[in-house]
Amino acid sequence: MAQDRRRRQGFAAFPDAVIAEIQRAADTGVYDIRGLGARRHVPSFDDLVFLGASVSRYPLEGYREACGTNVVLGARYAKKPIELKIPVTIAGMSFGALGANAKEALGRGATAAGTSTTTGDGGMTNEERSHSKLLVYQVLPSRYGMNPDDLRRADAIEVVVGQGAKPGGGGMLLGQKITERVAGMRTLPVGIDQRSACRHPDWTGPDDLEIKIQELREITDWEKPIYVKVGAARPYYDTALAVKAGADVVVVDGMQGGTAATQDVFIEHVGIPTLPAVREAVRALQELDMHRTVQLIVSGGIRSGADVAKALALGADAVSIGSAAMIALNCNRPLYLEDYEALGTEPGKCAHCHTGRCPVGVATQNPELEARLDPVMAGRRVANYLKVLTLEAQTIARACGKSHVHNLEPEDLAALTVEAAAMAEVPLAGTRWIPGK
Ligand code: SF4
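Since we're looking at a predicted model, the values are computed, not measured.

Analysis parameters
Residues numbered from 1 in each chain as written. Predicted model: local features only at pLDDT ≥ 70, side-chain atom pairs only at ≥ 80, totals over all residues. Heavy atoms only, no water. Axes fitted to C-alpha atoms, helices over the stretch in contact; angles between N-to-C directions. Helix = DSSP H or I, 4+ residues; strand = E, 2+ residues; numbered from the N terminus. Parallel < 35°, antiparallel > 145°, perpendicular 65-115°, else oblique. Left-handed = near helix turned anticlockwise from the far one by under 90°. Contact = heavy atoms within 4.5 Å. Nonpolar A, V, L, I, M, F, W, Y, C, P; charged D, E, K, R; others polar. Core = buried A, V, L, I, M, F, W, Y, C linked by side-chain atoms within 4.5 Å. Buried < 20%, exposed > 50% of the residue type's maximum accessible area, 1.4 Å probe, protein only. Phe/Tyr/Trp six-rings, centres within 6.5 Å; stacked < 30°, edge-to-face > 60°. Lys NZ or Arg CZ within 6 Å of the ring centre and 35° of its normal. Salt bridge = Lys/Arg side-chain N within 4 Å of Asp/Glu carboxyl O. Pairing = 2+ DSSP bridges. Right-handed = clockwise from strand over helix to strand, strands pointing away.

A. Spotlight on the packing of helix α8 (residues 235-244) against helix α10 (residues 274-287). Close contact between α8 and α10 brings their axes to 8 Å; oriented N to C, the two are set at 40°. By the angle between their directions, the pair α8 and α10 is classed as oblique. Judged by the sense of rotation from one axis to the other, the crossing of α8 with α10 is right-handed. Every residue of α10 that contacts α8 at P235, Y236, T239, A240 and V243 is listed here: A277, E280, A281, R283, A284, L285 and E287. Residues of the contact of α8 with α10, tallied by class, amount to 8 nonpolar, 1 polar and 3 charged.

Listed below in structure tokens is the structure:
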């Protein structure tokens, strides 16, 4: 009997998905490319819980006592730091990867919620500039769409060194998304696959980064905050070097962060999760006596107000959302089911941004598909979602007795797993044990 059962069992090392991928690779000879972030389970904010007030702490009354959510970014050197009403920003996503309506909707939503949105590889569109009260302009290795005038039109500059989905790698934009407008902005041929560089052409290390930041400050008259964004791999050293190079704000993007298109092997196997990345970055800032002087923005897998509150409790000043903002726009919503089916997927499982055939009009340049996304309505959904994230974070902060979300601290947290306790440096629930301490 036992032998029979074993014979019917699959192989632990070769589950169905692995067999299918080996056979797909054998049939085609090409690696798998897809969008969004890691599918695998990694230690995350889900492995932490808050210790709400009881006898030893008292909570704040939700309907009577205020709990602040504002944050100032970039006061270290910039003459005009950015002031956000909420500690949640919209991450950089390129025009090209997303359609113009999606970019406009993100700007509308962020503006209504009192926060900023960010450009991406490929430059700044007029739609997003005109609908974003606060717009962060990314300077990327590819320099696609790079324009000094746009640096001056922006409210902050983000030097992108890496991205959580692919630290050490560049992105891709497949030919089917390179329309005349996208090609024109990037000075590339129409309809040809494009690969973004992984390294800035004019610097090779931290000393050059310092020079680059100085240049950007001079171009923008020292007005704009300069962010440095890194993919989480060695966040302690990267944060310390970014601070030394003169960054006003450091953005650390964990491996759950999404992308429009890159190799699946990159998304699943390169970089570290957001949870340990936050503590490493905070440790670097604290050791340099720069915590709260240089702000830390954390991104990669932020979905709820609980995630926001946990990131802040671990020492971040704000968080950034990308995939979740796309989902608020309608990504993976059960609409146009036949189009999901034609892509070989279904709502809730789609990661086909690279194809340009987005069923809900978010990640596409096809005018017919793009028309499915109304930027006004989608902008309202983004604003609603940002509002809920903030209300949830405030609810948790009040329950911990805090009058500002930034007053949350590691002491308010416990871990549900040994791994999370070690990574977040908070005690395992019900004990005083922090592994390694
Ligand atoms: S629904 Fe659109 S935006 Fe969402 S994963 Fe699929 S293709 Fe990408």
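B. Layout of the nonpolar core. Counting 88 residues, the largest nonpolar core has L48, L296 and I321 as its most contacted members. Here this core gets 8 residues from one element, more than from any other, and that element is helix α15 (residues 375-399). Aside from chain neighbours lying at most four places away, what touches L48 is L275, K310, L314, L413, A414, A415, A420, A424 and V426. Counting 12 residues, the second-largest nonpolar core is a separate cluster that includes A156, V249, V251 and A318.

C. Representation of the packing of aromatic side chains. Scanning all chains against the criterion turns up 1 aromatic pair. A centroid spacing of 5.0 Å and a plane angle of 85° characterise the contact between Y236 and Y237, whose relative ring orientation is edge-to-face. Over the face of the ring belonging to F95 we find R181, whose NZ or CZ atom lies 4.7 Å from the ring centre. Between the NZ or CZ atom of R283 and the centre of the ring of Y236, over which it lies, the distance is 4.4 Å.

D. Region of interest: the pattern of salt bridges. Summed over the entire model, instances satisfying the criterion amount to 28 salt bridges. Two residues, K103 and E128, come together in a salt bridge whose shortest N-O distance is 3.2 Å. Within this pair, whereas K103 is found in helix α3 (residues 100-113), its partner E128 is found in helix α4 (residues 126-131), the two being separated by 25 residues in sequence. Grouping residues by exposure puts K103 and E128 together as buried. Between R129 and D155 there is a salt bridge, with its nearest N and O atoms 3.0 Å apart.

E. Just the packing of α3 against α15, in detail. Across the interface, α3 lies against α15 with an axial gap of 7 Å and an inter-helix angle of 45°. Here α3 is positioned oblique relative to α15, judged by the angle of their axes. Helix-helix and strand crossings are classified by hand; for α3 and α15 the assignment is right-handed. Contacts between α3 and α15 involve N101, E104, A105, L106, R108, G109, A110, A112 and A113 on the former and, on the latter, P375, V376, A378, G379, V382, A383 and L386. Partitioning the contact of α3 with α15 into residue classes produces 11 nonpolar, 3 polar and 2 charged.

F. Broad picture of the pairing of strand β14 (residues 295-299). Counted residue by residue, β14 has 5 buried out of 5 residues, so it is predominantly covered. Direction of pairing for strand β12 (residues 249-253) relative to β14: parallel, over a ladder of 5 bridges. In the sheet register, V249 faces β14, and the bridge partner there is Q295. Two elements, β14 and strand β15 (residues 318-321), share 3 bridges in a ladder whose sense is parallel. Bridge assignment links S299 to a residue of β15, and that residue is S320. For the handedness criterion, the β-α-β arrangement of β14, helix α11 (residues 305-313) and β15 is classed as right-handed.

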